[in-house]
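Chains, contacts and geometry: an overview
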Amino acid sequence: MHRPTKRLNRVFVCAAAVPVILVAAGCSSGSGSSDGAKKSSSKPSAAASADTVKVKPAAYGSLPQPCSAISKNTLDSLVPAAKAGKAGSSDDESVRGTCSWSSLDNKGVDGSQFRWLNASLMRFDSDATRGSGDKLAHTYFTKQVTDAQSTEGAKSPKAEPVSGTGDEATAVTYELKKKEGTFKQQTIVARVKNVVVTIDYNGAGLAGQGAPDASELVKDAEKAAKEAVAAVVAANESSSSSAKPSDKASDKPSEKASDKPSAKASSKS
């Protein structure tokens, strides 16, 4: 008589234990999913945060040929009888380029006048991490001015602003003594948007010739810098205009599609 009662008790105990296990399992799985939701919702993805960083695109996307950045008339004045400009090597001519000219006006026993001119162009693209092209160009502009002032052997370097040449420009002048003679050095650093133009121009009287007038050399260097800056602007104006679609295709809608009703519609009415 006692054996059936014990069996029923065991059945009830086992049956009661099953819901407890299911409830416990349900709680543990539910808590895991909520924790995951909190983690995924509390932190934005790296891609989303990166997309929020926007930098203004660089204004200029190309450079003129450095050897063509200064007019022939100016070259004839600054470096008389100079041969064709010598272009420096560049891995990307749309980003950097240089060209140099030199001349020696030999007056025989009366000595000679030496002139050397170098034009350097550097363009900066905007970068989401480093900043806008204008900002990067300004940093490079400042470095170029500082480097010119700290040239080894420079005597009494002076830096003065130059007006009417790009967005900002500075002239650095000094004397540099070499075994051939005393050289008058002029460095003009100018920035226009995201491009930096650096003009180096020096002159010396050799073998008994007197030294050139430094103030005249500065004016000549500033003229070359203005022309190089203008060449940068012109090169990008021409490239942007050629990239634009024609007025007919972009500015004016088709008359057939927008202004006149179709022939079928007008005949029915």
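Residues numbered from 1 in each chain as written. Predicted model: local features only at pLDDT ≥ 70, side-chain atom pairs only at ≥ 80, totals over all residues. Heavy atoms only, no water.

**Side note on the overall build of the chain**
Applicable threshold: Helix and strand labels come from DSSP, where a helix needs a run of H or I of at least four residues and a strand needs a run of E of at least two; each type is numbered from the N terminus. The classification of residues rests on relative accessible area computed with a 1.4 Å probe and restricted to protein chains. Under 20% of the type maximum is buried, over 50% is exposed, and intermediate values are partly exposed. Here a residue-residue contact requires only that any non-hydrogen atoms of the pair lie within 4.5 Å. Here, Shrake-Rupley sampling with a 1.4 Å probe gives the accessible areas, and only protein chains in the shown set may cover a residue.
Scanning the chain from N- to C-terminus turns up eight helices and seven strands. Residues classed as buried in the chain amount to 31% of the 269 residues present. In the chain, the proportion of contacts linking residues at least 24 apart, taken out of those at least 6 apart, comes to 58%. About 17,400 Å² of surface is accessible on the chain, with carbon and sulfur atoms providing 55% of the total.

**As for the sheet that holds strand S6 (residues 181-192)**
To keep it simple, the criterion reads: Pairing between strands requires that DSSP locate at least two bridges from one strand to the other.
Read from one edge to the other, the open sheet built from seven strands follows the order S1-S2-S3-S7-S6-S5-S4, with strand pairing classed as antiparallel. Of all strands in the sheet, those with a lone pairing partner are strand S1 (86-87) and strand S4 (155-161), marking the two edges. As judged from the 11 bridges shared by strand S2 (residues 96-106) and strand S3 (residues 112-123), these two strands associate in the antiparallel manner. Bridging across to S3, Asp105 finds its partner in Gln113.

**Considering the nonpolar core**
Inclusion rule: Note on terminology: a nonpolar core comprises buried Ala, Val, Leu, Ile, Met, Phe, Trp, Tyr and Cys residues joined through side-chain atoms within 4.5 Å.
With 30 residues, the main nonpolar core has Ile70, Trp101, Leu117, Val195, Val197, Ile199 and Val232 as its most contacted residues. Those elements giving two or more residues to this core turn out to be helix H3 (72-78), S2, S3, strand S5 (168-178), S6, strand S7 (195-206) and helix H5 (214-243). No other element matches the eight residues that H5 contributes to this core. Those residues in contact with Val195, other than ones at most four positions away along the chain, are Tyr60, Leu63, Met122, Arg123, Ala137, Ala190 and Val232. If you look at the next biggest cluster of nonpolar residues, it comprises 13 residues, including Leu136, Phe141, Ala148 and Tyr174.

**Some thoughts on the state of the cysteines**
Definition in use: Any pair of cysteine sulfurs within 2.5 Å is marked as a disulfide.
Scanning the model with the defined rule gives one disulfide in all. Cys67 shares a disulfide with Cys99; S-S distance 2.0 Å. Across the S-S bond linking Cys67 and Cys99, the dihedral sits near 95°, which makes this disulfide right-handed. Here the residue Cys67 occupies a position in the loop between helix H2 (46-51) and H3, and Cys99 occupies one in strand S2, the gap between them amounting to 32 residues. Given the relative accessible area of 26%, Cys67 is considered partly exposed. Look at Cys99 and you get buried, because its relative accessible area is 1%.

**Section: the packing of aromatic side chains**
Inclusion rule: Ring geometry is summarised as follows: Phe, Tyr and Trp rings, the Trp one being its six-membered ring, pair when their centres sit within 6.5 Å, and such pairs are stacked at plane angles under 30 degrees, edge-to-face over 60 and tilted between the two.
Throughout the structure, instances matching the rule amount to two aromatic pairs. Judged by centre distance (6.0 Å) and plane angle (75°), the rings of Phe114 and Phe183 are edge-to-face. In this pair, Phe114 is assigned in strand S3 and Phe183 in strand S6, connecting sequence segments 69 residues apart. Between Phe124 and Tyr140, the ring centres sit 5.3 Å apart and the planes meet at 50°, which makes this aromatic pair tilted. Of the two residues, Phe124 sits in the loop between S3 and helix H4 (133-149) while Tyr140 sits in helix H4, which places them 16 residues apart along the sequence.

**Details of the pattern of salt bridges**
Cut-off, in case you're wondering: Just to be clear on terms, a salt bridge is a Lys or Arg side-chain nitrogen sitting within 4 Å of an Asp or Glu carboxyl oxygen.
Under the criterion given, the structure shown has eight salt bridges. Between Lys184 and Glu175 there is a salt bridge; the shortest N-O distance is 2.4 Å. Its relative accessible area of 14% is what places Lys184 among the buried residues. Salt-bridge contacts for Lys219 lead to Glu216; the nearest nitrogen and oxygen are separated by 4.0 Å. With Lys219 and Glu216 both in helix H5, this residue pair falls three residues apart, about one helical turn.

**Section: the confidence of the model for the chain**
Under the convention used in this document: pLDDT measures how confident the predictor is about each residue, on a scale from 0 to 100.
Within the chain, residue pLDDT values average 79, and 68% of them lie at 70 or more. Contacts for the low-pLDDT stretch residues 1-42, under 50 throughout, to residues beyond four places or in other chains number zero contacts. Confidence over residues 44-52 falls short of pLDDT 50; this stretch has zero contacts with residues more than four positions distant or in other chains.

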